[in-house]
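# Structure at a glance
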Amino acid sequence: MLSLAGVVLGRVYAGPLLTRLVVGAAVGSVLVSVAARRLPSWLVAPLSVAALTGYGALAMRLAAREAGLAGDLAGVTLEAARNGIPRLLTAMIPVEAAPDTVLVPLVAAWLAGLAGAEVAVRAGRVLAGYLPPALFYAGVLYVVGPNADPAVGPTLVFAAVAAVGLALPAGPAVGAPVAADPAPGVGTAMRVRMAATTAAGVVAVIVLAALLGPVVAARITERPVDPRRYVQPPQVETLDENPLIRISGWALNPQQKLLEVRTRVAGPALAAGPATPDSPATPDGPATPDGTATPDGAQPGLADGVRIRLAVLSDYDGVTWRVGATYRNAGRVLPPVEPIAPSRVDTVRQEITVDGLSGRLLPAVATPQEVDGARVAYDPGTGTLIHPEGLRPGLRYTVTSAREHQDGNLLPTANVPAGPQVARVLQVADGVPDALRRLAEQLAADNGAPYARAAAIEQFLAEHYRLVADAPSGHAYPNLNFFLFGPRNGGGQRGTSEQFAAAFAVLGRLTGLPTRVVVGFSAPAGDGPVRAADAYAWPEVLFEDLGWVAFDPLPQPRTEPRPVEEDFRPKPEETPPSEAPAPTVEPTPSAAPVAAPPARPAGTPLPVLVAGAAGLLLLVATLLLATVVVLRRRQRRRRLTVGGPAERAAGAWREVTDALRLAGRPTPQYLSATEVAAWAQEAAPGEAAIRQPTPAGTVTRQPAPDGTEGPEGPVGELAALVNAAAFAPGQTTDEQARQAAALAVAYVSALRATRPWWRRMWWSAHPGPLRWPR
């Protein structure tokens, strides 16, 4: 009976090892009890536990060798005992027969055999001895749940074996005294009592069958409950749930070594079945080396490399892209992915050594099939791998992937799927900016086919925007709106691959394309390091009969982007036409000759000439200085009072940066607003004491990049206002703009007061702010 339970449980395991080990535990536990039936009962349990220890050590060694785990036997067994139950209930089906997934069933089978044999053999109560194996069998059925076909055959055999055991004549209990012949008349009374008891038992069985039979029959067609739904799978941190935010940090440290990769490619060959959902294809014939698609059939930067995938992000709420995966512990061999269409496939085998990469996400070429050297958890829906214990320098593992290529000639006529199955990758969160929606409508207006829409979005992004390494991270709706439509001289229309991929995915969903964002690396085709400069993000679109196809919206190197206004203009506001009257008199050129200047009278003394020239120069200099002062004041008034709230906040910030240059403390261009605020506080140490009232609803100081509180004083508060205006210009209010102007004036006055007298005199007449680039 215990062996039949092992057969049922083995249906959700990969390979026959689990079934063999459970059968061995069943036979061993019963044999120990039968062999020791003449010994005192208190001695049987220690002997059986000792036998279990030896058999368990052998089973752990076999399971460790089957799973390819290294390490001492004691450490492996201790780890299996500590995490056996949660890993058994979170393991991916089929479960690999590893020490932590074998130990619990093996021990349970042994203990059930010990208890059942002691009750049935020593006490002679066969029916009561069936209880431990029956409970073990029921527990196995519950653990298997809906992950295998109904175990009708083993259950019928289980019931038949139980019936045979009850039908066989039971001998006397071990150690029981031999019963004497009953007195005359006593035997008849005993037979009558036994007949009555048997009849009552039969009636009870019939009643229970009548009551429980309909209930059990009604539940035969229901899907069993999966106990894994009650166990929380491995969780990841924010950086692993949204690795897209790491792109900007890697871009600023391009020489950081993340991985060391050795790649071997076998194939390509014709796949026997269709491709996996992650199979990209080129539109113009043979696939690129990494199997991705671009409108012209080429993939810049990957012609001699391999694309390694770190994570697939499918969920977007208008603020953050997330993986949204449900990870299950997996063995070395990962479950196969359901094919979609015929394709060519090659096998990519990589030996990857972790260096500077942190987190839990495990890089691999799509689609991974086998992982050696590291324990992994896997999400089949996205194909994302994690190492639950976290990456560490020196971790080495080998991953074998099936990289598939498809016929790109099918792309121009391919459709995109619809319905509940792809609702996740079609969802558009609320709060889409109007300009973003109008751009999507414009790109989709003249492109009816799905691939034509995707290619139009890709081309628009590649031609109108600049790829830079120092753009701040962010892909929420305000960030994308500023990236697409922000002023070019104010930091807009430039970004990292994070903004390019996120903008493509959002625009694609607005045009009805199922999209997602992938974060990964461009690795060398042979052996070599993967550095932070090789990290980037790319978008993918799902096509029917083709799967996920990757696109590359990044601009070509050394190309100058075209202004967005050439191909897209925001909806103009309706203004009344000008009614200025046309001139009624044609201007006529004067024919009178220009009179020559009068000649200087002869005999004018030289001192008078020198004094006149000096006076004239002084007058011109005075007029120039006065003009500069007037222009400077008009410049300040225009910056602080003209334009929208976001423009006025930016103008206040330019007042501060100009003042720092006038004070001889120009700010480096690479500093962020918060760092500039700290720089400004050093330039005027006493400015923190100048406080301005903070009206209700205005922005307060934000934390600095290192998590500490930002600089105090007017310029610190102004930095927070400028950050808010830059990333969400539509949310800045008039009150915040007036507050920014007051803060800027207060700081500039305080800074000017700390300068020497000659700088204070030259301050208002300096022409630099009129010509300094913005």
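Above this text you will find the structure in question.
### Section: the pattern of salt bridges
Close approach of charged atoms allows side chains of opposite charge to pair. One pass over the structure, following the stated rule, counts 22 salt bridges. Note that Arg122 and Glu118 form a salt bridge whose closest N and O atoms lie 2.9 Å from each other. Of this pair, Arg122 and Glu118 both sit in helix H5 (residues 99-122), four residues apart, which is roughly one turn of the helix. You can call Arg122 buried: its relative accessible area is 16%. Of the charged contacts, one joins Arg262 and Glu351 as a salt bridge, the two residues approaching to 3.7 Å between their closest N and O atoms. With Arg262 in strand S3 (residues 257-274) and Glu351 in strand S8 (residues 342-354), this pair connects stretches of sequence that are 89 residues apart. Overall, the relative accessible area of 26% leaves Glu351 in the partly exposed class. One continuous salt-bridge network, built from bridges that share partners, spans Arg262, Arg264, Glu351 and Asp527.

### Details of helix H7 (residues 131-144)
Taking 1.5 Å of rise per residue, 14 residues should cover 20 Å, and H7 covers 20 Å from first to last C-alpha, within 8% of that figure. Turning to H7, its buried residues number three or more, namely Pro132, Pro133, Phe136, Tyr137, Val140, Val143 and Val144. Buried residues of H7, viewed axially, fall in a sector of 135°; they line one side. Residues of H7 that are exposed and angled more than 90 degrees away from the buried face: Leu131 and Leu135. Packing partners of the buried residues in H7 comprise helix H1 (2-9), helix H2 (17-35), H5, helix H6 (126-129) and helix H8 (152-167). One or two residues past the end of H7 sits Gly145, with phi positive at roughly 55°.

### Let's talk about the packing of helix H3 (residues 41-67) against H5
Packed helices, taken two at a time, are described by the angle between their axes plus the distance between the axes. The N-to-C vectors of H3 and H5 enclose an angle of 155°; their axes lie 10 Å apart at closest approach. When the axis of H3 is compared with that of H5, the two are roughly antiparallel. Here H3 and H5 pass one another in a crossing that is right-handed. Residues Ser41, Val44, Ser48, Ala51, Leu52, Tyr55, Gly56, Ala59, Met60, Ala63 and Ala64 of H3 lie in contact with H5, whose contacting residues are Pro99, Val102, Leu103, Leu106, Val107, Trp110, Leu114, Glu118 and Arg122.

### Comments concerning the packing of helix H14 (residues 477-485) against helix H15 (residues 497-510)
It is the contact of H14 with H15, at a shortest axis distance of 10 Å, that shows an interaxial angle of 105°. One element, H14, and the other, H15, form an angle in the roughly perpendicular class. Only Gln499, Phe500, Ala502, Ala503 and Val506 of H15 make contact with H14, whose side of the interface consists of Tyr477, Leu480, Phe483 and Leu484. A per-class count over the contact of H14 with H15 returns eight nonpolar, one polar and no charged.

### Re the sheet that holds strand S9 (residues 361-362)
What links the strands of a sheet is backbone hydrogen bonding, and the strands pair in either a parallel or an antiparallel sense. The four strands lie next to each other as S7-S11-S12-S9, forming an open sheet whose pairing is antiparallel. Two strands in the sheet have a free side with no partner beyond their single neighbour: strand S7 (328-330) and S9. Where S9 lies against strand S12 (residues 384-386), two bridges are found, and the strand directions are antiparallel. When the bridges of S12 are listed, Leu362 appears paired with Leu385.

### Observations regarding a nonpolar patch on the surface
On the surface, a nonpolar cluster with roughly 560 Å² of combined accessible area is contributed by Val203, Val207, Leu208, Leu211, Leu212 and Val216. Considering the arrangement of structural elements, one finds Leu212 in helix H9 (residues 186-218).

### Things to note about H2
Its 19 residues place the ends of H2 27 Å apart at the C-alpha level, agreeing with the 27 Å of an ideal helix rising 1.5 Å per residue. Taken together, the buried positions of H2 are Leu17, Leu18, Thr19, Leu21, Val22, Ala25, Ala26, Gly28, Ser29, Val32 and Ser33. On its buried face, H2 is in contact with H1, strand S1 (13-14), H3, H5 and H7.

### Observations regarding the nonpolar core
In terms of nonpolar packing, the biggest core is built from 88 residues, with Trp250, Leu259, Trp321, Leu357, Phe521 and Phe543 touching the most fellow members. Other than its neighbours up to four places away in sequence, Trp250 contacts Gln256, Leu258, Leu310, Leu357, Val519, Phe521, Ala532 and Ala535. Core analysis: the next-biggest nonpolar cluster, separate from the first, contains 37 residues, Leu2, Ala59, Ala63 and Ala80 among them.

### Brief notes about the packing of aromatic side chains
One pass over the full model with this rule turns up eleven aromatic pairs. On the numbers, 5.2 Å between centres and 70° between planes, the contact of Phe483 with Phe500 is edge-to-face. One end of the pair, Phe483, is in helix H14; the other, Phe500, is in helix H15, with 17 residues separating them in the sequence. The exposure class of Phe500 is buried, given its relative accessible area of 0%. Following the ring pairs from residue to residue traces out a cluster consisting of Phe460, Tyr465, Phe483 and Phe500. Sitting over the ring of Trp548, Arg516 keeps its end group 4.1 Å from the ring centre.

### With respect to the side chain of Glu498
Along the chain, Glu498 falls in helix H15. In this structure the side chain of Glu498 is engaged in a polar contact, spanning 3.1 Å, whose partner is the side chain of Ser473. Looking at Glu498, its side chain comes within polar contact range of the side chain of His475, at 2.7 Å. Residue contacts for Glu498: discarding those within four places in its chain leaves Leu244, Ile247, Ser473, Gly474 and His475.

### Quick word on the sheet that holds strand S16 (residues 515-524)
Reading across the sheet, the four strands line up as S4-S16-S18-S19 and stay open at both edges, with antiparallel pairing between neighbours. The open sheet has two edge strands, strand S4 (305-313) and strand S19 (547-550), and neither has a second partner. The average angle at which neighbouring strand axes cross in this sheet is 40°, direction not considered. Inspection of the sheet shows strand S18 (residues 535-543) paired to S19 by four bridges, in the antiparallel sense. Its bridge partner lying in S19, Phe543 is registered against Gly547.

What counts as what
Residues numbered from 1 in each chain as written. Predicted model: local features only at pLDDT ≥ 70, side-chain atom pairs only at ≥ 80, totals over all residues. Heavy atoms only, no water. Salt bridge = Lys/Arg side-chain N within 4 Å of Asp/Glu carboxyl O. Helix = DSSP H or I, 4+ residues; strand = E, 2+ residues; numbered from the N terminus. Buried < 20%, exposed > 50% of the residue type's maximum accessible area, 1.4 Å probe, protein only. Expected span 1.5 Å × (residues − 1). Arc of directions from axis to C-beta. Contact = heavy atoms within 4.5 Å. Axes fitted to C-alpha atoms, helices over the stretch in contact; angles between N-to-C directions. Parallel < 35°, antiparallel > 145°, perpendicular 65-115°, else oblique. Left-handed = near helix turned anticlockwise from the far one by under 90°. Nonpolar A, V, L, I, M, F, W, Y, C, P; charged D, E, K, R; others polar. Pairing = 2+ DSSP bridges. Patch = residues over 30% accessible without salt bridge, like charges linked within 9 Å, V, L, I, M, F, W, Y side chains within 5 Å. Areas by Shrake-Rupley, 256 points an atom, 1.4 Å probe, with all protein chains shown as cover. Core = buried A, V, L, I, M, F, W, Y, C linked by side-chain atoms within 4.5 Å. Phe/Tyr/Trp six-rings, centres within 6.5 Å; stacked < 30°, edge-to-face > 60°. Lys NZ or Arg CZ within 6 Å of the ring centre and 35° of its normal. Polar contact = N/O pair within 3.5 Å; in protein donor to acceptor, adjacent residues only side chain to side chain.

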